[in-house]
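# Chains, contacts and geometry: an overview
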Amino acid sequence: NYVEKAKDYIHNHYPFPIRIEHLANHVGLDRTYLFKLFVKDEGISPQEYLIRYRLSVASLQLMQTDLSAAQIAASCGFGDAPSFCKHFKVRYGCSPLAYRKSFEK
């Protein structure tokens, strides 16, 4: 399955810059066709899937480590901490640090 192969690529390369062209080349499809297949199977674009995956990894790091938001942003493939924080707040409704504090005992 092309979409599963693309998702595996994302899971293994999320800390690095990934473009739809990378995914398309990896699975051997035209980028437009891969985009259509991905949206059909997942209901979201490959880019949105990548962002959500990066955020899920980041949320685990916030709960399980003492790394700063900037360190987590870098380790999860976000270009900078403000971009990471913006995406995180949209997805989780709070800042990364507020999210971390909600899990402190």
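Here the structure is shown first, and the text comes after it.
Per chain, residues are indexed from 1 in the order of the written sequence. Thresholds applied to this predicted model are a pLDDT of at least 70 for local features of residues and 80 or more for the giving and counting of side-chain atom pairs; totals over whole chains, interfaces and linings are not thresholded and use all residues. In computing side-chain values, all of the structure's heavy atoms are included and hydrogens and water are not.

## Observations regarding the environment of Tyr14
When you line up the elements, Tyr14 lands in the loop between α1 (2-13) and α2 (20-27). As a C-alpha pair, Tyr14 and Leu50 span 36 residues in sequence and 7.0 Å in three-dimensional space. Note on contacts: a residue pair is in contact if any heavy atoms of the two residues lie within 4.5 Å. Those residues in contact with Tyr14, other than ones at most four positions away along the chain, are Leu50, Tyr53, Arg54, Val57, Ser75, Cys76 and Gly77. Helix numbering and strand numbering both begin at the N terminus, where a helix is a DSSP run of H or I of at least 4 residues and a strand a DSSP run of E of at least 2.

## Some words on the state of the cysteines
Disulfides are defined as cysteine sulfur pairs within 2.5 Å. One pass over the full model with this rule turns up zero disulfides. Cysteine Cys76 shares no disulfide, and the gap to the nearest cysteine sulfur, in Cys85, comes to 12 Å. Relative accessibility thresholds used throughout: buried, under 20% of the residue-type maximum; exposed, over 50%; partly exposed, between the two (1.4 Å probe, protein chains only). Given a relative accessible area of 0%, Cys76 falls into the buried group. Free of any disulfide, Cys94 has its nearest cysteine sulfur in Cys85, 11 Å distant.

## So, the packing of α1 against helix α3 (residues 31-42)
Relative to each other, α1 and α3 sit at 95°, their axes nearing to 9 Å. The angle between the axes of α1 and α3 places the two elements in the roughly perpendicular class. Contacts between α1 and α3 involve Tyr2, Val3, Glu4, Ala6, Lys7 and Ile10 from the first element and Leu34, Leu37, Phe38, Asp41 and Glu42 from the second. Its residues assigned to classes, the contact of α1 with α3 shows seven nonpolar, no polar and four charged. Note on geometry: axes are C-alpha line fits, over the in-contact stretch for helices, and angles between N-to-C directions span 0 to 180 degrees. Small angles under 35 degrees read as roughly parallel and large ones over 145 as roughly antiparallel, with 65 to 115 read as roughly perpendicular and the rest as oblique. Residue polarity is assigned by list, with Asp, Glu, Lys and Arg as charged and Ala, Val, Leu, Ile, Met, Phe, Trp, Tyr, Cys and Pro as nonpolar; anything else, Gly included, falls into the polar class.

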